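Notes for the structure review
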Amino acid sequence: MSDVKFGTGGFRGVIGDNFNKENIQRICQAMCNIAERRQYRKEICIGYDNRFMSENFAKWCADVFASNNFRVELFQRASSTPVVMYRCKKQNYDYGIMITASHNPYQYNGIKVFVKEGKDASVEETNEIESEFKTLKHENIVINDKLVDKNIIYCDYIDEFVRSIITNQNIPDCSNLNVVFDSKFGSTVDEINLFAKYANLKNYTIINSTRDAFFNFTTPAPNIDNIEQLKLNVKLANADIGFALDADGDRLAVIDSDGNYIDNNYILALVYYYLVVYEKCTGDSVKNVATSNLLDVVTKKCGYTCHEVPVGFKYVSGKLIETNALVGGESSGGLAMQNHIWGKDSLLSIALCLKIMATLNKPFKDIMQELLTFANNYHKIIKDKQYTYSDTKEKEIKQKLFVDKVIPQHRYEVESTIYSDYIKIKYSNGNWVLIRFSGTEPVLRTFVEADSIKECNALIQDWEELLDI
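What counts and what doesn't
- The written sequence of each chain sets the order in which its residues are numbered from 1.
- Under the rules for a predicted model, residues below a pLDDT of 70 receive no local features and side-chain atom pairs below 80 are neither given nor counted, while totals for whole chains, interfaces and linings still include all residues.
- Side-chain measures were taken over the full set of non-hydrogen atoms in the model, leaving aside hydrogen atoms and water.
- Note on conventions: DSSP H or I runs of at least 4 residues are helices, E runs of at least 2 residues are strands, and numbering of each starts at the N terminus.
- Restricting the calculation to C-alpha atoms gives the radius of gyration, and the globule rule supplies 2.2 Å times the number of residues raised to the power 0.38.
- Only protein chains enter the accessibility calculation, which uses a 1.4 Å probe. A residue is then buried if its area is under 20% of the maximum for its type, exposed if over 50%, and partly exposed in between.
- Working rule for contacts: check all heavy atoms of both residues, and any pair within 4.5 Å makes them a contact.
- Using a 1.4 Å probe, the Shrake-Rupley method yields the accessible areas, and only the shown protein chains count as cover for residues.
- Charge counting follows a simple rule: Lys and Arg are positive, Asp and Glu are negative, and His as well as the terminal groups are ignored.
- To locate a charge, take NZ of a lysine, CZ of an arginine, CG of an aspartate or CD of a glutamate.
- Axis lines are fitted to C-alpha atoms, over the contacting stretch for helices. Their N-to-C directions set the angle, which ranges from 0 to 180 degrees.
- Reported orientations rely on four angle classes, namely roughly parallel under 35 degrees, roughly antiparallel over 145, roughly perpendicular from 65 to 115, and oblique for the rest.
- One side-chain nitrogen of Lys or Arg within 4 Å of one carboxyl oxygen of Asp or Glu is enough to make a salt bridge.
- One requirement defines pairing of two strands: DSSP has to find at least two bridges between them.
- Cysteine sulfurs are considered disulfide-paired once they come within 2.5 Å of each other.

Focus: the overall build of the chain
Regarding its fold elements, the chain presents 15 helices and 22 strands. Its C-alpha atoms give the chain a radius of gyration of 22 Å, within 12% of the compact-globule value 23 Å for 469 residues. With respect to the principal axes defined by its C-alpha atoms, the chain has extents near 65 × 60 × 40 Å. Of all 469 residues assigned to the chain, the portion counted as buried reaches 58%. Across the chain, the fraction of contacts at a sequence separation of at least 24, relative to all contacts at a separation of at least 6, is 69%. Approximately 18,800 Å² of the chain is accessible, and the part contributed by carbon and sulfur atoms is 46%. Computed over 54 positive and 62 negative side-chain charges, the separation of the two mean positions in the chain equals 2 Å.

This is how it looks when you write it as structure tokens:
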């Protein structure tokens with residue numbers, strides 16, 4: 001038995017180590033105890049992805065909630081995280097659960113906790129779960145087989161979720177488009193097929209579409225190091241566009257017809273640009289501190305404000321609600337907007353990209369160029385790099401960064417320096433650097449945005465030399 005710690009994307013751990021039946025059921029019992037004290041509704045929706053034993057962990061969670069007399073909606077097949085968030089928001093459940101470790105390697109699994117309106121649980125809420133967890137022992141976990149049989153209802157809301165995107169976003173006929181999807185062996189295949197059906201997308205291919213709990217020994221993330229197969233298939237199919245999703249369907253990257261990799265920094269800005277300029281929508285935008293300034297430039301030119309928040313989509317959705325902003329997202333591949341869920345959603349991003357292509361009747365690369373031209377010929381490059389470390393090295397780095405507050409010699413005039421659970425230095429020329437410990441895996445990450453790849457590499461090297469990493 002070991003303690004659990006929630007990060008920016010829920011609690012994640014190595015399967016069979018700290019992610020095990022005992023810990024997961026103690027988390028659920030902690031949530032039941034909190035729900036009893038706070039007089040929450042005793043209803044919950046529980047979903048799971050394609051990871052190793054995810055369906056078993058989901059059932060073990062359901063057993064605890066059902067035994068505590070919750071009415072439990074347990075998905076009868078793997079789904080994406082956004083589907084579960086959708087159901088929780090629609091029913092306004094006080095709690096929801098998704099068993100997934102998102103884009104992390106196959107050794108990991110995790111549990112995401114949703115609260116009122118299907119939002120990611122706040123730090124205060126996960127802290128309360130952690131505190132309650134520490135008070136519990138194995139014998140405190142309630143299991144009652146009669147209540148399990150009575151209170152668990154098997155459900156499936158995938159079709160309803162896909163239809164909601166088609167209807168709410170007014171997705172046009174996409175029959176003229178040729179698309180390749182890379183589902184990364186994840187739980188989004190059924191959603192992609194349904195979307196293709198309802199959007200009349202007749203010419204499409206899905207690669208890596210079978211369940212593989214090892215993800216072919218690759219990381220199930222749509223990043224630049226993991227899209228060569230998609231590039232090849234886009235070329236072979238002479239496709240108009242390619243989409244790479246992560247294992248639980250909340251991150252996305254795009255490949256255009258020339259094989260260019262387009263990350264969410266550009267997709268986020270493009271969606272905002274299209275909605276304001278072409279659909280005459282109004283409202284601010286939201287991004288996290290690791291996201292390109294491109295969205296700032298586009299938003300300002302449209303006459304609105306771009307709000308910056310810490311890493312963790314709970315902060316994006318919170319600011320989205322607070323400011324009634326139009327779009328919010330982060331560089332790692334997540335996008336959310338009004339009239340949908342309060343979380344990032346790959347299928348929403350895909351639907352909007354295809355809508356833009358079908359409506360403007362242009363190749364995606366030309367649409368991207370239109371965006372950059374509008375953004376005063378924006379040319380900056382964003383780059384990130386991550387590092388593993390020993391326990392001793394972690395303490396040394398944290399001492400240097402957050403206690404001694406040592407930083408490299410500046411290359412440009414400083415506009416501002418922000419200290420939180422990260423350090424971000426903004427320069428007056430628009431360049432910036434961010435360094436932080438990941439909230440979902442044991443790595444240190446640096447993010448930089450500068451005028452050239454040479455300058456990006458130089459800024460990263462400054463921190464590598466300072467921290468000896």
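Having seen it, we continue.
A look at the packing of helix H3 (residues 81-91) against helix H6 (residues 158-168)
The geometry of H3 relative to H6 is characterised by a closest axis approach of 10 Å and an angle of 85 degrees between their N-to-C directions. Between H3 and H6, the interaxial angle falls into the category roughly perpendicular. In contact with Pro82, Val83, Tyr86 and Lys90 of H3, H6 contributes Ile158, Glu160, Phe161 and Ser164.

Things to note about the pattern of salt bridges
Summed over all chains, the structure comprises 37 salt bridges. The shortest N-O distance in the salt bridge between Lys112 and Asp248 comes to 3.0 Å. Of this pair, Lys112 sits in strand S6 (residues 108-115) while Asp248 sits in the loop between strand S11 (241-245) and strand S12 (252-256), and the two are 136 residues apart along the sequence. The residue Asp250 makes a salt bridge to Lys112 at a minimum N-O spacing of 2.9 Å.

With respect to the sheet that holds strand S22 (residues 444-450)
An order of S18-S22-S21-S20-S19 is seen for the 5 strands of this open sheet, with the pairing classed as antiparallel. In the strand order of this sheet, the two ends are held by strand S18 (381-387) and strand S19 (414-419), each with one partner. Averaged over all adjacent pairs, the angle separating strand axes in this sheet is 10 degrees, with direction ignored. Of the pairings in the sheet, the one linking S19 to strand S20 (residues 422-427) comprises 5 bridges and is antiparallel in character. By the bridge assignment for S20, Tyr419 is matched with Ile423.

Digging into the sheet that holds strand S9 (residues 178-182)
Here 5 strands make up an open sheet; going across it, the order is S10-S9-S11-S12-S13 and the pairing mixed. Looking at which strands have only one partner, the edges of the open sheet turn out to be strand S10 (203-207) and strand S13 (261-262). Two elements, S9 and S10, share 5 bridges in a ladder whose sense is parallel. Note that in S10 the partner of Asn178 across the bridge is Asn203.

Re H3
With 8 of 11 residues buried, H3 is to be regarded as a mostly interior element. One or two positions beyond H3, positive phi appears at Asn92, with a value near 55 degrees.

What to know about the environment of Asp468
Positionally, Asp468 belongs in the segment after helix H15 (453-467). In sequence terms Asp468 and Ile224 are 244 residues apart; their C-alpha atoms lie 25 Å from each other.

Considerations on the state of the cysteines
Going through the model one piece at a time under the given rule, you end up with 0 disulfides. Cys28 carries a free sulfur, and the closest cysteine sulfur to it, the one in Cys61, is 3.4 Å from it. Note on Cys45: no disulfide assigned, nearest cysteine sulfur contributed by Cys155 at a separation of 4.8 Å.

Thoughts on unusual backbone geometry
Even without being glycine, Lys184 reaches a positive phi, approximately 55 degrees. By the secondary structure assignment, Lys184 is in the loop between S9 and helix H7 (189-198). A relative accessible area of 5% means that Lys184 is categorised as buried. Of note in the backbone geometry, Asn200 takes a positive phi value of approximately 55 degrees without being a glycine. Of note, Asn200 is situated in the loop between H7 and S10.

Points about the pairing of S20
A large share of S20 lies buried, amounting to 5 of its 6 residues. Linking two consecutive strands that pair antiparallel, namely S19 and S20, is a turn of 2 residues. Bridge analysis of S20 against strand S21 (residues 432-437) gives 5 bridges, and the strand direction is antiparallel. Opposite Tyr422, over in S21, you have Arg436 as the bridge partner. In sequence, S20 turns back onto S21 through a hairpin of 4 residues, with Gly430 there showing a positive phi of about 95 degrees.

Function-wise, these values are silent; they only describe arrangement.
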